[in-house]
Amino acid sequence: MEIRTVGVVGAGQMGSGIAQVAAQAGYGVVLVDVSESVLERALSTIRRSLGKFLEKGRITQEDHEATLGRIRTSLRLEDLAEADLIVEAIVEDEGAKRALWERLGALAKGEAILASNTSSIPITALARYSGAPERFIGMHFFNPVPLMPLVEVIRGALTAEATRDRVVEAARRMGKTPLEVQDYPGFVSNRLLMPMINEAIEALREGVATKEAIDGVMRLGMNHPMGPLELADFIGLDTCLAIMEVLHRGFGDDKYRPSPLLRRMVQAGLLGRKTGRGFYTYDEKGNKVG
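Predicted, not measured: the structure shown is a model, and the values here were computed from it.

**Q** Teacher, can you tell me more about the environment of Ala 115 here?
**A** Looking at where Ala 115 falls in the secondary structure, it is placed in strand β5 (residues 113-116). Judged by relative accessible area, which is 0%, Ala 115 ranks as buried. Sequence separation between Ala 115 and Asp 253 is 138 residues, and the spatial gap between their C-alpha atoms is 28 Å. Discounting chain neighbours no more than four positions away, the residues touching Ala 115 are Leu 85, Ile 86, Val 87, Glu 88, Trp 101, Ile 137 and Met 139.

**Q** Which parts of the structure should I look at to understand the UniProt feature "site: Important for catalytic activity" (unreviewed entry) in the protein?
**A** Sites flagged by UniProt as "site: Important for catalytic activity" (unreviewed entry) map to His 140. Its location among the elements puts His 140 in strand β6 (residues 136-141). Given a relative accessible area of 5%, His 140 falls into the buried group. Dropping the residues within four chain positions of it, His 140 is found in contact with Ser 116, Asn 117, Thr 118, Ser 119, Leu 150, Val 151, Glu 152, Ile 154, Phe 187, Ser 189 and Asn 190. Within polar-contact distance, the side chain of His 140 engages the side chain of Glu 152 at 2.8 Å.

Cut-offs applied
- Residues numbered from 1 in each chain as written.
- Predicted model: local features only at pLDDT ≥ 70, side-chain atom pairs only at ≥ 80, totals over all residues.
- Heavy atoms only, no water.
- Helix = DSSP H or I, 4+ residues; strand = E, 2+ residues; numbered from the N terminus.
- Buried < 20%, exposed > 50% of the residue type's maximum accessible area, 1.4 Å probe, protein only.
- Contact = heavy atoms within 4.5 Å.
- UniProt positions renumbered as here; feature names shortened; annotations may be inferred.
- Polar contact = N/O pair within 3.5 Å; in protein donor to acceptor, adjacent residues only side chain to side chain.

Pasting the structure below:
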């Protein structure tokens, strides 16, 4: 079955990016969220992103208008009933994803591919909730989606090879490089990245160095484009904590225990760029100011 329509559930930072690259690839897109204001903000983000591509000559005015014309928004999951590929991009919480996939699995058409953008939760577990494990797969994009080339493709225990093949093809059509990894907590990307971020937070908590020095060491000494504390703010400290908890629970190894400082900051609502304050402070446009 050819993929013509892509449904995206969750219109936040990741969902809006996935909707954009799918529409740029020529797919019809239905972007669903529970909030009209979130959907409006997502469309504004997409317009701004496409506008930058237009300014840099990466797309034409015709491409810009055609891409926007392929995206429609909805508050109803039922509008995904005819989608050929449904990508879930909601909060990194297994309970919330379970409730959503139980609904989506019941309303999606029988040949639809069901994909989660989860960054750490086992695909096999989510597949079971959908009721269609052979058509379920992990499709982990990276932020910012329109710019980052990687998609981690994660097969669950019962995912069919045909499902994998169609998702790989779709990712390539979106201009991404799909790399298949096995279904273990955190997959590859976050199994490696999050412990580094967590250790940087521990170094800050222990007073090993200031936040500026910790980030500077990794930028200047390791050639990272962004220091680990600034990166944590960019990802969202709540997301970092959720992933560390998945790793800790999944492997049962205390080397994945979340830093107490990370947990305390999340409890205080200091989540990074999206709240205006994390390890650094940010203005309303997300620019670091202190």
